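Fold and contact review
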Number of protein chains: 2
Amino acid sequence: MPKQVDHRERREEIARALWRVVDIAGVQRLSLREVAKEAGMSHGQLQHYFASRQELLTFAMDFAAERSAARVADGMARLGADPHPRYVLRLVLVEMLPLHPDSRATSRMNAAYVLEALHDEAIRERTRDGLSRGREQVEGLVRAAIADGRIAADRAPSTETDRLLALTGLTPLLELRVIEPDDALAAIDRHLEDLFTT
Amino acid sequence: MPKQVDHRERREEIARALWRVVDIAGVQRLSLREVAKEAGMSHGQLQHYFASRQELLTFAMDFAAERSAARVADGMARLGADPHPRYVLRLVLVEMLPLHPDSRATSRMNAAYVLEALHDEAIRERTRDGLSRGREQVEGLVRAAIADGRIAADRAPSTETDRLLALTGLTPLLELRVIEPDDALAAIDRHLEDLFTT
């Protein structure tokens with residue numbers, strides 16, 4: 001195997017170990033040492049791949065975002081050509097909630113990352129950029145649906161975008177089992193039904 | 001000052017010190033030692049008031065919930081007798097977002113607490129109970145508004161309650177300044193406008 005590919009694969013393995021630490025033990029125990037242990041390597045070996053906690057966190061976040069994007073792309077492929085924007089938005093929103101093990105790990109890491117971001121400028125800038133780009137993509141879908149007459153013309157695209165993204169606020173209710181996955185899907189579907197006129 | 005009152009006041013002071021540590025340094029640095037330092041006392045003195053990190057966290061959360069409830073009650077008093085449920089819900093939702101320093105501290109602590117709850121059964125039960133009770137109160141308002149004809153009868157009270165609580169999902173967007181406070185208020189107002197028929 002070429003060295004570059006091997007290096008990337010090892011980094012991905014370490015990122016997956018980080019997800020498991022966040023998932024099982026919590027962000028409180030997220031240290032290079034814990035991740036090395038979970039990945040079955042020494043602290044020194046891990047440092048060959050990631051020089052700092054921040055570098056590892058950043059890679060793990062980027063990798064999680066890539067995996068999310070790939071899952072959304074898979075879903076889009078299943079929707080077929082020229083899908084209704086309502087189903088595209090549904091895919092994106094469902095992916096943002098902790099409804100299956102991969103998206104749950106991503107969701108927990110995102111929550112931990114936002115808390116880190118409040119006290120680390122470099123992480124804050126990256127997280128803010130990522131959120132802004134995601135928000136712009138959703139707003140693009142909303143604007144296109146208004147132009148197509150699928151969302152009423154008197155809706156403010158920016159406000160409707162914020163309301164859609166706010167549905168991630170179902171996360172703590174799901175994580176603590178105050179509501180069940182079907183309740184979250186009902187909330188998303190009702191929201192999209194209210195938003196789209198056709 | 002009676003000893004009991006003094007004890008309670010000292011515990012509240014310590015809880016406020018905990019909020020400041022969460023606000024300034026982040027949940028990563030939340031230890032009894034850091035809180036003692038912020039409260040200007042020794043680790044030993046703090047342990048006279050709180051035997052464990054968990055006991056302190058639990059008190060700080062309960063105290064934050066009390067302060068939130070008091071702010072909502074103040075807002076209710078300003079609304080006058082028999083307020084429209086739309087304005088009551090607006091008060092509750094605005095209080096749940098990090099729009100002023102006190103609610104920001106509470107919001108950050110809640111986020112940290114949910115992450116702790118995932119890996120600590122005692123905290124999970126308490127957090128879940130708190131969230132469930134809050135959810136029931138909001139659902140009570142929604143059901144009453146349906147009974148009064150202020151919300152359409154074909155709305156599912158449970159789903160509309162989840163959608164209202166989901167608006168706390170604006171929090172990361174606000175914290176990372178992807179949106180501004182006015183954007184969050186516009187999203188809340190538009191949501192309530194869509195929900196209420198009168």
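Residues numbered from 1 in each chain as written. Chains lettered and ligands numbered in written order. Predicted model: local features only at pLDDT ≥ 70, side-chain atom pairs only at ≥ 80, totals over all residues. Heavy atoms only, no water.

**As for the overall build of chain A**
- For chain A, the count of helices and strands is ten helices and zero strands.
- Listing each helix as α and each strand as β along chain A from the N terminus yields α-α-α-α-α-α-α-α-α-α.
- When the 198 residues of chain A are sorted by exposure, 46% land in the buried category.
- In chain A, of all internal contacts separated by at least 6 residues, the share reaching a separation of at least 24 is 63%.
- Accessible area for chain A stands at about 9,500 Å²; split by element, carbon and sulfur atoms hold 50% of it. (Helix = DSSP H or I, 4+ residues; strand = E, 2+ residues; numbered from the N terminus. Buried < 20%, exposed > 50% of the residue type's maximum accessible area, 1.4 Å probe, protein only. Contact = heavy atoms within 4.5 Å. Areas by Shrake-Rupley, 256 points an atom, 1.4 Å probe, with all protein chains shown as cover.)

**A look at the nonpolar core**
- Ranked by internal contacts, the top residues of the largest apolar core, which has 106 residues, are Leu-18, Val-35 and Leu-170 of chain A together with Leu-18, Val-35 and Leu-170 of chain B.
- If we skip the residues at most four places from it in the chain, Leu-18 of chain B touches Leu-30, Val-35, Leu-56, Leu-57, Ala-60 and Met-109 of chain B.
- Core analysis: the second largest hydrophobic core is formed by six residues, Leu-118 of chain A together with Ala-112, Leu-115 and Leu-118 of chain B among them. (Core = buried A, V, L, I, M, F, W, Y, C linked by side-chain atoms within 4.5 Å.)

**Observations concerning the interface of chain A and chain B**
- Chain A puts 48 residues into the contact, and the matching count from chain B is 48 residues.
- In total, chain A and chain B occlude about 3,800 Å² of area from one another, counting both sides; carbon and sulfur atoms represent 65% of this.
- Ionic pairing is found between Asp-194 of chain A and Arg-163 of chain B, a salt bridge with its closest N-O pair at 2.9 Å.
- Counting the contacts that link chain A with chain B gives twelve residue pairs in polar contact (both at pLDDT 80 or more).
- Counting residues per element, the ones that place at least two in the side of chain A that touches chain B are helix H1 (3-24), helix H6 (101-117), helix H7 (121-147), helix H8 (157-166), helix H9 (171-175) and helix H10 (181-195) of chain A. (Buried area = accessible area lost by both parts, 1.4 Å probe. Salt bridge = Lys/Arg side-chain N within 4 Å of Asp/Glu carboxyl O. Polar contact = N/O pair within 3.5 Å; in protein donor to acceptor, adjacent residues only side chain to side chain.)

**Focus: the domain arrangement of chain A**
Residues and elements named next belong to chain A.
- Examined at the domain level, chain A breaks down into domain 1 (1-51) and domain 2 (53-195).
- Using C-alpha coordinates to define each centre, domain 1 is positioned 26 Å away from domain 2.
- Each partner contributes to the interface: domain 1 provides 18 residues, whereas domain 2 provides 15 residues.
- Overall, the association of domain 1 and domain 2 removes approximately 1,700 Å² of surface from exposure, summing both partners, and the carbon and sulfur fraction of that is 68%.
- At the junction of domain 1 with domain 2, the criterion picks out two salt bridges.
- With a shortest N-O distance of 3.1 Å, Arg-8 and Glu-66 are connected by a salt bridge.
- The interface formed by domain 1 and domain 2 contains two residue pairs in polar contact (both at pLDDT 80 or more).
- Elements with a minimum of two residues in the side of domain 1 that touches domain 2: H1 and helix H2 (32-39).
- Ranked by the residues each element gives to the side of domain 1 that touches domain 2, the list is headed by H1, at ten residues.
- Across the side of domain 1 that touches domain 2, the residue classes tally to twelve nonpolar, one polar and five charged. (Domains from an automatic or database assignment. Nonpolar A, V, L, I, M, F, W, Y, C, P; charged D, E, K, R; others polar.)

**Side note on helix H6 (residues 101-117) of chain B**
Residues and elements named next belong to chain B.
- Taking 1.5 Å per residue, 17 residues should reach 24 Å; H6 reaches 24 Å between its end C-alpha atoms and fits that length.
- Taking burial as the measure, the 17 residues of H6 include twelve buried ones, the bulk of the element.
- The complete set of buried residues in H6 reads Ser-103, Ala-105, Thr-106, Ser-107, Arg-108, Met-109, Ala-112, Tyr-113, Val-114, Leu-115, Glu-116 and Ala-117. (Expected span 1.5 Å × (residues − 1).)

**What to know about the relation of the copies chain A and chain B**
- Each copy superposes on the other: chain A lies on chain B with an RMSD of 0.0 Å after a rotation of 180° and an axial shift of 0.0 Å. Classification of the inter-copy transformation places it as that of a two-fold axis. No C-alpha of chain A lies nearer the rotation axis than that of Gly-169 of chain A, which sits 1.7 Å from it.
- Comparing contact sets, 100% of the residues at the interface of chain A also lie at the interface in chain B, consistent with an isologous, same-surface contact. (Least-squares fit on C-alpha atoms with pLDDT ≥ 70 in both.)

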